[in-house]
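Coordinate inspection notes
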Amino acid sequence: GCALQTFPFEAQSEMKAMLVKGLLEGAGITGFEFNGIISSPDAYEYRNKMEFSFGDEEKGGVMTLGMHKKGRHHDVVNVDYCKIVERDFTTIKRATREFFLKEGVAKYNKRSEEGVLRHLVVRKGRKTGEILIGLSATNQGAPNLQKWVNMLNELDLDGEIVGILHIINNTVADVVQGEIKTLFGRDYYNEELMGLNFKVSFYSFFQTNTKGAELLYNKVIEYTGATEGKEIFDLFSGTGTIGQIMAASAKRV
């Protein structure tokens with residue numbers, strides 16, 4: 001992420017290998033064969049999901065939309081260009097901040113429990129180009145979100161927006177949770193992984209590095225060996241991607 005981008009990519013992989021090996025040895029796990037780290041196919045623009053926060057850089061300052069300062073829970077800085085996501089993420093984030101500033105819609109204040117805007121989540125299928133956008137906000141003051149939807153649909157993007165959602169969160173919890181209201185399109189996007197098509201809903205866990213996930217899953221298949229005619233047990237399953245990929249050759253998963 002951001003803190004290691006001054007390191008050459010090869011050095012980042014070497015550091016990760018050292019950290020992982022240290023964790024295993026520190027836990028007293030021995031007798032394993034360490035095969036090193038499989039590096040991501042892309043050093044930049046690989047993430048398929050980002051969660052941005054509304055806030056300010058100084059108390060009472062102009063509303064920001066971006067990431068928290070390192071080690072600070074309250075200060076949020078604008079992220080005008082993030083190297084680990086595609087251009088579409090930055091375009092949507094920047095346009096959203098400018099829109100709500102112009103409309104005079106306030107960020108949510110946890111202390112006073114007043115305000116509207118909390119988080120902006122953008123998810124994109126790396127293979128399909130489909131984009132799903134979620135605005136986490138209270139329903140106080142009922143701002144004209146349809147106007148925001150219309151603005152987003154007019155943006156010049158490389159991908160295609162297939163869904164825009166309002167995540168209604170009136171609680172004090174600083175997390176993206178709550179009832180989903182679909183403002184435009186649908187509440188999921190499609191992604192392809194190793195020849196299979198996955199329907200990814202807003203809250204679904206999905207590997208954030210799509211191409212990296214394919215390398216990882218190919219390694220799982222390699223380690224598992226021949227599966228023809230065998231029954232496979234998927235004992236720790238999220239979306240079930242590994243099990244579904246293995247279902248192509250196994251007798252049953």
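Refer to the structure above for everything that follows.
Here's what I pulled together on the structure shown here.

About the criteria used
- Residues numbered from 1 in each chain as written.
- Predicted model: local features only at pLDDT ≥ 70, side-chain atom pairs only at ≥ 80, totals over all residues.
- Heavy atoms only, no water.
- Buried < 20%, exposed > 50% of the residue type's maximum accessible area, 1.4 Å probe, protein only.
- Helix = DSSP H or I, 4+ residues; strand = E, 2+ residues; numbered from the N terminus.
- Pairing = 2+ DSSP bridges.
- Core = buried A, V, L, I, M, F, W, Y, C linked by side-chain atoms within 4.5 Å.
- Contact = heavy atoms within 4.5 Å.
- Salt bridge = Lys/Arg side-chain N within 4 Å of Asp/Glu carboxyl O.
- Expected span 1.5 Å × (residues − 1).
- Axes fitted to C-alpha atoms, helices over the stretch in contact; angles between N-to-C directions.
- Left-handed = near helix turned anticlockwise from the far one by under 90°.
- Nonpolar A, V, L, I, M, F, W, Y, C, P; charged D, E, K, R; others polar.
- Phe/Tyr/Trp six-rings, centres within 6.5 Å; stacked < 30°, edge-to-face > 60°.
- Lys NZ or Arg CZ within 6 Å of the ring centre and 35° of its normal.

Describing the pairing of strand E4 (residues 117–124)
- The buried fraction of E4 amounts to eight of the eight residues, a majority that puts the element mostly inside the structure.
- As paired strands, strand E1 (residues 49–56) and E4 are joined by five bridges and run antiparallel to one another. Among the inter-strand pairings, Met 50 is bridged to a residue of E4, identified as Val 122.
- The turn linking E4 back onto strand E5 (residues 130–137) is made up of five residues, and Gly 129 within it adopts a positive phi angle of 80 degrees.

Description of the nonpolar core
- Grouped together as the largest cluster of nonpolar side chains are 33 residues, with contacts concentrated most on Phe 100, Leu 120, Leu 135 and Trp 148.
- Sequence-distant contacts of Leu 120, that is, excluding residues within four places in its chain, are made with Met 50, Glu 51, Phe 52, Phe 54, Leu 65, Ile 92, Lys 93, Thr 96, Ile 133, Gly 134, Leu 135 and Trp 148.
- One finds Phe 198, Val 200, Phe 206 and Ala 213 within the second-largest nonpolar core, a separate group that totals 15 residues.

A short note on the pattern of salt bridges
- Counted under the stated rule, the structure contains 15 salt bridges.
- Two residues, Lys 211 and Asp 42, come together in a salt bridge whose shortest N-O distance is 3.4 Å. Of this pair, Lys 211 sits in helix H4 (residues 210–224) while Asp 42 sits in the loop between helix H1 (9–26) and E1; the two residues are 169 residues apart in sequence, bridging distant segments of the chain.
- One salt bridge in this structure joins Asp 174 and Lys 110, with 3.7 Å as the shortest N-O distance. Of this pair, Asp 174 sits in the loop between strand E6 (160–168) and strand E7 (179–185) while Lys 110 sits in the loop between helix H2 (87–103) and E4, and the two are 64 residues apart along the sequence.
- Looking at Asp 174, the relative accessible area reads 35%, which means it is partly exposed.
- What you see here is one network of salt bridges that share partners, running through Asp 42, Glu 86, Arg 87, Asp 88, Lys 124, Arg 126, Asp 158 and Lys 211.

Some remarks on the side chain of Asp 75
- Assignment of secondary structure puts Asp 75 in the loop between strand E2 (63–68) and strand E3 (76–78).
- Residue classification places Asp 75 among the buried residues on the basis of a relative accessible area of 13%.
- Other than its neighbours up to four places away in sequence, Asp 75 contacts Asp 56, Glu 57, Met 67, His 68 and Lys 69.

Some points on H1
- When the terminal C-alpha atoms of H1 are compared, their 26 Å separation across 18 residues agrees well with the 26 Å that a helix rising 1.5 Å per residue should span.
- At the exit of H1 stands Gly 28, carrying a positive phi of roughly 75 degrees.

Focus: the packing of H2 against helix H3 (residues 145–153)
- For the pair H2 and H3, the least separation of the axes is 11 Å and the interaxial angle reads 145 degrees. The two elements H2 and H3 meet at a crossing, and its hand is right-handed. Contact with H2, carried on its side by Ile 92, Ala 95, Thr 96, Phe 99, Phe 100 and Glu 103, involves Leu 145, Lys 147, Trp 148, Met 151 and Leu 152 of H3 and no other residues of that element.
- Looking at the contact of H2 with H3 residue by residue, the classes come out as eight nonpolar, one polar and two charged.

So, the environment of Glu 192
- The residue Glu 192 is located in strand E8 (residues 188–193) in this model.
- Overall, Glu 192 belongs to the partly exposed group, its relative accessible area being 39%.
- Those residues in contact with Glu 192 that sit more than four places away from it in its chain are Lys 127, Thr 128, Asn 197 and Thr 210.

Quick word on H2
- Between its first and last C-alpha atoms H2 spans 24 Å; for 17 residues at 1.5 Å apiece the expected length is 24 Å, and the two agree.
- Asp 88, Phe 89, Thr 90, Thr 91, Ile 92, Lys 93, Ala 95, Thr 96, Arg 97, Phe 99 and Phe 100 are the residues of H2 that are buried.
- Where H2 terminates, the next one or two residues include Gly 104, which has phi positive at roughly 75 degrees.

Overview of the packing of aromatic side chains
- The tally for this structure, following the rule as stated, stands at five aromatic pairs.
- Relative to Phe 100, the ring of Phe 99 lies with its centre 5.1 Å away and its plane at 80 degrees, an arrangement referred to as edge-to-face. For the pair shown, Phe 99 and Phe 100 are each scored as buried.
- Both rings, one in Phe 100 and one in Trp 148, keep their centres 5.9 Å apart while their planes meet at 35 degrees; by these two values the pair is tilted. Of the two residues, Phe 100 is situated in helix H2 and Trp 148 in helix H3; the sequence distance between them amounts to 48 residues. You'll find Phe 100 and Trp 148 in the same group, each marked buried.
- Aromatic rings pair up to connect Phe 54, Phe 99, Phe 100 and Trp 148 into one cluster.
- It is Arg 186 that lies over the ring of Tyr 188; its NZ or CZ is 4.7 Å from the centre.

Examining the sheet that holds E1
- Spatially, E3-E2-E1-E4-E5-E6-E7 is the arrangement adopted by the seven strands of the open sheet, whose pairing is mixed. Lying at the two open borders of the sheet, with one neighbouring strand each, are E3 and E7. Strand-to-strand twist in this sheet, taken as the mean axis angle between neighbours without regard to direction, amounts to 35 degrees.
- Relative to E6, E5 runs parallel, the two sharing eight bridges. Note that in E6 the partner of Ile 133 across the bridge is Ile 164.
- Strands in contact with H2 are E1, E2, E3, E4 and E5; relative to E4, the strand with the most contacts, it is inclined by about 155 degrees.
- Of the strands in this sheet, E4, E5, E6 and E7 are in contact with H3, which crosses E6 at around 155 degrees.

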